[in-house]
Each structure stands twice: as structure tokens, then as C-alpha cells.
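Listed below, chain by chain, are the residues.
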Amino acid sequence: MRMYDIIKKKRDGGPLTGEEIRFFVDGYVKGDIPDYQASALLMAIFFNRLNRDETAVLTQAMADSGESIDLSSVKGIKVDKHSTGGVGDKTSLVLAPLVAAAGIPVAKMSGRGLGHTGGTIDKLESIPGFKAEMTKAGFIKSVNSIGVAIIGQTGDIAPADKKLYGLRDVTATVDDISLIASSIMSKKLAAGADCILLDVKVGKGAFMKSMDQARKLAEVMVEIGRAAHRETIAVISDMEQPLGFAVGNALEVKEAIETLKGEGPEDFDKLCRELGTLMLVLGGITRDTSEARAIVDDLIASGRALNKFREFVRNQGGDPEVADRPEEILPIAKDTVRIAADREGYISELRAEEIGICAMHLGAGRANKEDTIDPSVGIVMNRKVGDFVREGDSIATLYVNRKDNLDTVIDMFRSSIGISATPVSRIEIIKEIIR
Ligand code: URA
């Protein structure tokens with residue numbers, strides 16, 4: 001088999017066989033296939049697409065390119081949850097202890113933030129003492145004893161995806177639905193859970209800008225899950241504006257704790273309860289959605305979800321008192337800057353991507369993988385799209401330490417806000433569920 005023939009076949013619009021796809025993935029990981037040939041194939045795929053069978057094979061080949069986590073020694077049905085990424089997305093911080101409190105084992109690998117999106121591991125590490133590194137044995141032991149552990153993703157998971165993603169990033173071939181779907185699902189398959197819940201974000205702050213694209217991505221990923229015998233559900237949720245109010249690591253931990261107490265922002269609370277309900281259904285706690293929803297509500301109201309959060313934080317070296325005194329325990333920036341409305345009207349836009357980039361420039365995120373982050377800084381929104389403001393009302397508060405770029409960040413933040421003279425509808429957080 002020759003790489004030249006595979007490129008030519010896809011260039012001319014032909015479907016690749018499973019053997020050809022595996023030849024490419026294996027050869028590229030081993031270094032036998034050079035970047036220039038892999039780039040040519042990616043561009044041919046970008047223009048001529050992969051069909052569903054090709055996408056399923058590519059996903060499995062990338063999943064098989066490295067280590068697979070064996071969770072068979074964890075008792076129960078393991079349900080993984082994945083978000084396609086957004087601004088203010090602290091959902092895993094709530095869902096992991098919430099569903100663990102219902103008896104679903106959570107053995108989760110999460111990533112760090114890059115660009116305008118945050119990462120669960122960075123958020124958790126803002127809790128003093130919290131450690132996201134564990135041996136594999138320690139990881140399994142934690143899940144078996146307290147029901148939940150979250151660790152950083154190891155480099156051995158789907159190395160083919162890692163290498164190909166780096167190449168896609170520099171060859172303008174990231175935003176193809178089958179390539180995104182196979183990239184995400186290869187890591188999910190290798191991470192070993194029995195069922196997968198996907199939170200596909202749609203809107204200005206997401207990869208998928210339109211409902212049409214988000215629906216296609218969700219459908220392809222659900223189909224890949226099914227082909228790999230993992231029950232998979234996708235929820236399409238809004239990412240026009242930041243999720244909840246808080247953007248920035250420690251600020252988001254505090255908001256997650258409030259949500260576990262039932263005191264979170266309306267949109268974030270709704271999303272967590274919906275995703276939690278679906279995780280309980282996938283995990284076989286009950287097949288009845290209303291019953292699952294009642295369990296979720298009770299876990300929050302009774303304090304059991306918050307208790308599980310304390311246990312989880314303590315088990316990974318963090319200070320569990322954070323659940324009771326987040327203001328004292330979490331790092332907090334030295335200064336705040338209030339962003340006020342410059343006129344009366346209805347908030348029409350809070351553009352998530354720009355707001356995420358503002359938070360990154362304050363130090364909450366990374367422009368490059370090597371950058372260090374400041375866990376204490378970020379942004380707390382005081383308004384959401386649809387809210388009415390008078391001139392001078394606070395729209396957001398910036399939590400800042402560095403001042404060298406503050407004027408630029410403030411200008412950028414201001415330009416991410418829209419105010420309309422006529423009423424604006426609120427944005428529904430949950431758009432659609434794809435089973
Ligand atoms: N996230 C991934 O993991 N892969 C993609 O291709 C896009 C987003």
C-alpha cells in the first residue's frame with residue numbers, strides 16, 4: 001500500500017477502506033508517513049469529506065494508537081461527559097460529584113485550557129493543594145473507594161490524534177465535522193467509559209457557530225459512539241454568551257460550589273441538572289427521566305452532592321473547607337474593575353469568545369500551551385443577554401492583578417457587549433438533545 005494512492009483516491013472523492021485508513025494512522029504515528037503527505041490527505045478529506053464508516057474507522061484507529069484505560073475493575077456503569085469547549089464552562093466540577101453521589105462511578109480525564117476556552121484541570125488546581133496527577137492504580141482505587149476522581153489527560157491517550165491535531169492546527173483543516181468528531185471520540189473511546197454524554201456547544205464562543213453544524217457534529221459523534229458499542233447522547237447547548245456568570249479559574253470553582261448548593265446562576269444550574277439527569281439515565285440508575293431528575297434535585301437539596309465534592313477534593317489533596325468558605329480559601333485577585341453600561345437598554349450581546357479572550361489576557365488562560373496562568377483573576381458577569389440595564393449599572397466585574405494591558409482588555413470587553421433600545425429575548429441554554 002502506498003500513501004500516494006490513498007491521497008489520490010481521497011483527492012478524487014473516493015471512499016477509503018478501513019485498511020487504508022489504518023495504514024495512514026499507524027504510519028503517521030510511527031513517523032513512516034511524513035507531515036507533507038499527512039497534510040495532503042487532511043486537505044483532501046477537508047474538501048471531499050469522510051463518510052460515516054470512514055469516520056468510525058478513523059476514530060477507532062486513533063483510539064487504538066496509544067493506551068486504552070481499562071476501567072473494568074471499577075464497579076458499575078461508567079459514564080463519561082465531554083464538552084466541546086466554551087467560556088465559563090465549569091460543568092464537570094458540578095457533575096462529577098453530583099452523579100458520583102447517585103452511585104455512578106466517575107473516572108474522568110480532563111484537559112487544560114487553551115485560547116478563549118478554560119480547562120477543568122486548571123480550575124480544580126485553583127483549590128489549594130489539589131493534585132490532578134495520580135498513578136493509574138491510585139486513580140482506580142479512588143474511584144472504587146469514593147466514587148470519583150478527575151485527573152489530567154496522559155500523553156499516551158490517542159497519540160495519533162495529538163499528532164494529527166497539531167498538523168490540522170497549522171494546515172487550516174481543524175474545522176471539518178468528521179475530523180472534529182473523530183478527534184474528540186477517539187479520546188473518549190480510549191478513556192474507557194461505557195457510556196458517553198456529549199455537551200456540544202453552539203454559538204459565537206463555540207467551534208460550531210450554527211445549529212445546523214452543531215446538530216451534524218452531535219449526530220456524527222453519537223453514531224461513532226454507537227458503532228463502538230458505547231451508548232452516547234449529545235446535548236446541544238448555548239455558547240453565544242458565557243455559561244453562568246463566572247469566567248476564570250477560582251471564580252468558576254466558587255460558582256460551581258454555589259451551584260452544588262442549589263444557588264447557582266439559572267442557565268448553569270439548568271444545564272447541570274439536565275446533563276446530570278441524562279448521566280443517571282445512561283448509568284442505569286433509572287431509565288425514567290423524570291425519576292432521574294427528581295434524584296438530581298434531591299442530591300442538590302439534601303447537600304449530598306456538595307458532600308461528595310468535599311470528599312473528592314480531600315481525596316486529591318485539596319482543602320475540603322473550600323466548599324464552606326470559598327472566599328477565604330480560594331485565591332482572589334488584588335483589584336476589581338467595574339464595567340458599567342454606557343446607556344440604557346437591553347443586553348443584546350455578551351460575545352463569549354471575546355470575553356474568553358479578555359479573561360485570557362487578564363491571565364486566566366493561555367495564549368500558548370507553555371503559558372502559566374493566574375488562578376485568581378477573571379470576570380464575573382452581572383448581567384445576561386435579555387436583561388435591562390440603566391446607564392451606570394454594572395454589567396461585569398473584572399478581577400485583575402496585572403495592569404500593563406488593562407486598558408486594552410477593558411476596551412475589548414466593552415466591544416463584546418451589545419445594548420439594544422428594544423427588548424431582547426433571553427437565550428435558552430438547552431437547544432436540543434440527540435440520542
Ligand atoms: N476538540 C478536539 O479534541 N478535537 C478537535 O478536533 C476539536 C476540538
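Note that this is a predicted model, so its numbers are computed, not measured.

### Brief notes about the overall build of the protein
Counting secondary structure elements, the protein contains 17 helices and 13 strands. Dimensions along the principal axes, computed over C-alpha positions, put the protein at roughly 65 × 45 × 40 Å. Across the protein, contacts joining residues at least 24 apart in sequence account for 78% of those joining residues at least 6 apart. Averaging the positions of the 57 positive and the 65 negative side-chain charges in the protein gives two centres separated by 2 Å.

### Looking at the sheet that holds strand β12 (residues 417-420)
In spatial order, the strands read β10-β8-β12; together these 3 strands make up an open sheet with antiparallel pairing. The open sheet has two edge strands, β10 (388-389) and β12, and neither has a second partner. Inspection of the sheet shows strand β8 (residues 345-350) paired to β10 by 2 bridges, in the antiparallel sense. The partner of Tyr346 across the bridge, within β10, is Phe388.

### Quick word on helix α13 (residues 289-301)
Given a rise of 1.5 Å per residue, 13 residues ought to cover 18 Å, and the 18 Å separating the end C-alpha atoms of α13 matches this to within 8%. Regarding α13, the residues found buried are Ala292, Val296, Leu299 and Ile300. One side of α13 holds all its buried residues, which, seen down the axis, span an arc of 95°. Residues of α13 that are exposed and point over 90 degrees away from its buried face: Ser290 and Ala301. Contacts from the buried residues of α13 go to α5 (91-101), α11 (249-260), α12 (266-282) and α14 (304-315). Capping the start of α13, Asp288 holds a side-chain oxygen 2.9 Å from the backbone nitrogen of Ser290, two or three residues further along.

### Notes on the site of the ligand
Near the ligand the following residues occur: Tyr165, Arg168, Ile180, Ser183, Ile184, Lys187 and Phe207. The contact in question runs from a nitrogen atom of the ligand to an N or O atom on the side chain of Ser183, over 2.6 Å. Within the side chain of Lys187, an N or O atom sits 2.5 Å from an oxygen atom of the ligand. Residue assignment for the shell around the ligand shows that the elements contributing at least two residues are α8 (159-170) and α9 (177-190). For the shell around the ligand, the element with the most residues is α9, which contributes 4 residues.

### Observations concerning the nonpolar core
Across soluble globular proteins, nonpolar side chains have a tendency to be buried as a group. In terms of nonpolar packing, the biggest core is built from 89 residues, with Ile127, Phe309, Phe312, Ile379, Leu398 and Phe413 touching the most fellow members. Looking at this core element by element, the count peaks at 9 residues for α12. Aside from chain neighbours lying at most four places away, what touches Ile379 is Phe245, Ala246, Val247, Leu251, Ile355, Cys358, Ala359, Leu362, Ala396, Thr397, Leu398 and Phe413.

### Observations concerning the sheet that holds strand β6 (residues 246-247)
Read from one edge to the other, the open sheet built from 4 strands follows the order β6-β9-β11-β7, with strand pairing classed as antiparallel. Each edge of the open sheet is held by one strand with a lone partner, namely β6 and β7 (335-340). Most of the contacts of helix α16 (residues 352-364) go to strand β9 (residues 378-381), to which it runs at about 140°, and overall it touches β6, β9 and β11 (394-400).

### What to know about the side chain of Gln241
When you line up the elements, Gln241 lands in the loop between β5 (231-238) and β6. Judged by its relative accessible area of 6%, Gln241 falls in the buried class. Only 2.9 Å separates the side chain of Gln241 from the backbone nitrogen of Val385, close enough to count as a polar contact. Gln241 has contacts with Leu350, Ala352, Lys384, Val385 and Ile427, leaving out every residue within four places of it along the chain.

### Notes on the packing of α8 against α9
Running from amino to carboxyl end, α8 crosses α9 at an angle of 150°, the nearest separation of the two axes being 10 Å. One element, α8, and the other, α9, form an angle in the roughly antiparallel class. Crossing hand, α8 versus α9: left-handed. Contacts from Asp161, Tyr165 and Arg168 in α8 reach Leu179, Ile180, Ser183, Ser186 and Lys187 in α9.

### A short note on the packing of α12 against α13
The geometry of α12 relative to α13 is characterised by a closest axis approach of 8 Å and an angle of 120° between their N-to-C directions. Between α12 and α13, the angle is such that the two are oblique. α13 is crossed by α12, and the crossing has right-handed handedness. Of α13, the residues touching α12 (which contributes Arg273, Gly276, Thr277, Leu280 and Val281) are Thr289, Ala292, Arg293, Ile295, Val296, Asp297 and Ile300. When its residues are assigned to classes, the contact of α12 with α13 shows 6 nonpolar, 3 polar and 3 charged.

About the cut-offs
Residues numbered from 1 in each chain as written. Predicted model: local features only at pLDDT ≥ 70, side-chain atom pairs only at ≥ 80, totals over all residues. Heavy atoms only, no water. Helix = DSSP H or I, 4+ residues; strand = E, 2+ residues; numbered from the N terminus. Contact = heavy atoms within 4.5 Å. Lys, Arg positive; Asp, Glu negative; His and termini not counted. Charge placed at Lys NZ, Arg CZ, Asp CG, Glu CD. Pairing = 2+ DSSP bridges. Expected span 1.5 Å × (residues − 1). Buried < 20%, exposed > 50% of the residue type's maximum accessible area, 1.4 Å probe, protein only. Arc of directions from axis to C-beta. Polar contact = N/O pair within 3.5 Å; in protein donor to acceptor, adjacent residues only side chain to side chain. Near = heavy atom within 4 Å. Core = buried A, V, L, I, M, F, W, Y, C linked by side-chain atoms within 4.5 Å. Axes fitted to C-alpha atoms, helices over the stretch in contact; angles between N-to-C directions. Parallel < 35°, antiparallel > 145°, perpendicular 65-115°, else oblique. Left-handed = near helix turned anticlockwise from the far one by under 90°. Nonpolar A, V, L, I, M, F, W, Y, C, P; charged D, E, K, R; others polar.

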